[in-house]
Amino acid sequence: MATMYAAVWHGPGQENFRLELIERPEPGPGEVLLQVRRCFFCAMHARAVLVGHAKHYPPTIFGRMLAGDVASVGANVTNLKLGTRVTVNPERPCGTCFYCLRQEFGHCLNPIQLRPGGMAEFVCIPEPLVNGIYELPSSIPYEFAAYTETLACVLQGIDLSGITLSDCVVIMGDGGVGLTFLQLVRLRGATKVILAGKHEGALQAALRLGASRVVNVTQDSLLEVVREETQGYGADVAIEAVGSSHTYEQMLTLLRCGGTGIGFGGMPLGTTFQGDPNLIHYRSLKILGSYRYSPDHFRQALDLICTKQIDLGPIVTHQVPFSSLTTQAVEIHSQPDCRALVIDMDKKP
Ligand SMILES: [Zn+2]
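Just so it is clear, the model here is predicted, and its values are computed rather than measured. (Residues numbered from 1 in each chain as written. Predicted model: local features only at pLDDT ≥ 70, side-chain atom pairs only at ≥ 80, totals over all residues.)

### Overview of the packing of helix 3 (residues 148-161) against helix 4 (residues 176-187)
Angle between the axes and distance between the axes: these two values describe a pair of packed helices.
Working step 1: Relative to each other, helix 3 and helix 4 sit at 55 degrees, their axes nearing to 10 Å. Relative to helix 4, helix 3 is oriented oblique. As helix 3 packs across helix 4, the resulting crossing turns out to be right-handed. Contacts between helix 3 and helix 4 involve Thr-150, Leu-151, Val-154, Leu-155 and Ile-158 on the former and, on the latter, Val-177, Thr-180, Phe-181, Leu-184 and Val-185.
Working step 2: Looking at side-chain class alone, the contact of helix 3 with helix 4 contains eight nonpolar, two polar and no charged residues. (Axes fitted to C-alpha atoms, helices over the stretch in contact; angles between N-to-C directions. Helix = DSSP H or I, 4+ residues; strand = E, 2+ residues; numbered from the N terminus. Parallel < 35°, antiparallel > 145°, perpendicular 65-115°, else oblique. Left-handed = near helix turned anticlockwise from the far one by under 90°. Contact = placed C-beta atoms within 7 Å. Nonpolar A, V, L, I, M, F, W, Y, C, P; charged D, E, K, R; others polar.)

### Looking at the domain arrangement of the chain
Working step 1: Along its sequence, the chain is carved into domain 1 (3-147 + 316-344) and domain 2 (154-289).
Working step 2: On a C-alpha basis, the centroid separation for the pair domain 1 and domain 2 is 30 Å.
Working step 3: Contacts between the two partners involve six residues from domain 1 and, on the opposite side, eight residues from domain 2.
Working step 4: Class assignment of the residues belonging to the side of domain 1 that touches domain 2 gives a composition of three nonpolar, one polar and two charged. (Domains from an automatic or database assignment.)

### A look at the pairing of strand 13 (residues 235-240)
Working step 1: Taken across its six residues, strand 13 has six buried, putting it largely inside the fold.
Working step 2: As paired strands, strand 10 (residues 168-172) and strand 13 are joined by four bridges and run parallel to one another. Bridging across to strand 13, Val-169 finds its partner in Val-237.
Working step 3: By the bridge criterion, five bridges tie strand 13 to strand 14 (residues 255-263) in an arrangement that is parallel. Looking at the pairing, Glu-240 lines up with Gly-263 of strand 14.
Working step 4: Handedness of the strand 13-helix 7 (residues 245-253)-strand 14 crossover: right-handed. (Buried ≥ 20, exposed ≤ 12 C-beta atoms within 10 Å, placed from the backbone. Pairing = 2+ DSSP bridges. Right-handed = clockwise from strand over helix to strand, strands pointing away.)

### Describing helix 9 (residues 295-306)
Working step 1: Helix length check: helix 9, at 12 residues, gives a terminal C-alpha distance of 17 Å against a target of 16 Å (1.5 Å per residue), a fit within 8%.
Working step 2: Of all the positions in helix 9, only His-297, Phe-298, Ala-301, Leu-302 and Ile-305 are classed as buried. The buried side chains of helix 9 occupy one side of the element, clustering within an arc of 135 degrees when seen end-on.
Working step 3: Packed against the buried residues of helix 9 are strand 5 (85-88), strand 9 (133-135), helix 2 (142-145) and helix 3.
Working step 4: Following helix 9 by one or two positions, Lys-308 has its phi on the positive side, about 60 degrees. (Expected span 1.5 Å × (residues − 1). Arc of directions from axis to C-beta.)

### Description of the sheet that holds strand 13
Working step 1: Here we have six strands laid out as an open sheet, ordered 12-11-10-13-14-15, and parallel in their pairing. With partners counted over all chains shown, the strands left at the sheet margins are strand 12 (213-216) and strand 15 (286-289), one partner each. Direction aside, the axes of adjacent strands within the sheet are offset by 15 degrees on average.
Working step 2: In this fold helix 4 packs onto strand 10, strand 11 (192-197) and strand 13, with an angle of close to 175 degrees to the strand it touches most, strand 11.

### Quick word on the environment of Gly-68
Working step 1: Looking at the element boundaries, Gly-68 is found in strand 4 (residues 66-73).
Working step 2: For Gly-68, a count of 26 C-beta atoms within 10 Å gives the class buried.
Working step 3: Each C-alpha atom, one on Gly-68 and one on Leu-136, is 9.6 Å from the other, the two residues being 68 residues apart in sequence.

### Observations concerning the pairing of strand 10
Working step 1: Within strand 10, five of the five residues are buried, leaving the element largely enclosed by the surrounding structure.
Working step 2: Burial along strand 10 is two-sided: the residues Cys-168, Val-170 and Met-172 and Val-169 and Ile-171 are all buried.
Working step 3: Pairing geometry for strand 10 and strand 11, over five bridges, is parallel. Each residue of the ladder has a partner; that of Met-172, found in strand 11, is Ala-196.
Working step 4: Crossover strand 10 to strand 11 through helix 4 is right-handed.

### A few points about the nonpolar core
Working step 1: With 101 residues, the main nonpolar core has Ala-146, Val-169, Val-170, Ile-171, Val-185 and Ile-239 as its most contacted residues.
Working step 2: Tallying contributions element by element places strand 3 (residues 32-41) first for this core, with seven residues.
Working step 3: Counting contributing residues, this core receives three or more from each of domain 1 (3-147 + 316-344) and domain 2 (154-289).
Working step 4: Here Val-170 is in contact with Ile-194, Ala-196, Val-226, Ala-235, Ala-238, Ile-239 and Leu-254, once residues within four sequence places are set aside. (Core = buried A, V, L, I, M, F, W, Y, C linked by C-beta atoms within 7 Å.)

In structure tokens:
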């Protein structure tokens, strides 16, 4: 039996997240085996390791955002050569459920998902996901290609926002997602982009990436800055990319009449918020939530990465070797200057 190392999650508790030698999968007919080269460790994984997760049941292998090489192919797979550098869309909507029939693919009731995931030396791509495998140009590093899913989610938020030429946009959040929004907002033609956060290094990076103005909310009032920059009217669009009830409340106060708020950040179960409903009513605000993405967003996101329209250098800030993933990733992920943490799968146990 061929074996491989995998990071297996056995439930909450750091000691239950372990590197183990397990059976290496063999691709069946129509399937493709990838050798994983880079895979992201994100906030969801850190939370699952520390306190558990409502939608994942142990034991399992995490990792949806990955890139690697084609290692072997099953019968009937003729379009992928061994050794080709690729990334894969880890999810495909069913196409037939209540939401898919309404083109709301992000809410598909029966999506086909990549499970087990990519925190292993090899991952088997099931037949329904094989047409979501994309070849990468040699100039694009694996860690940038592996970021495609996050960019796809942000793209959906941008589509919902309706941002257009000469808009004023406020982004709340200076993490990797906030800096990703910033670049897409500029690509969409907004001329004034105000980014708010708490980390001086990230705010400086935001200025280099094209923010018109940054606000350190531990020192200055975002509301005052937005009023000053918009002659008192408020922003055309405000994006919540923090995931806190305070910023959701604040979003309502930053918008002009008829403005659009995008709720992107997720929060722990049971979180509530208090906003002034009169702001929504009298100012005719449009408050929209954005969650997940469509297959087309994934394709567009990868195109933006491969054509270098998006600078992921300041976003993918940290790496952890696969050999110390289970002991170090949670701690590295919690560092204030960590915007996205990628696992270097080449550094094996
Ligand atoms: Zn569906």
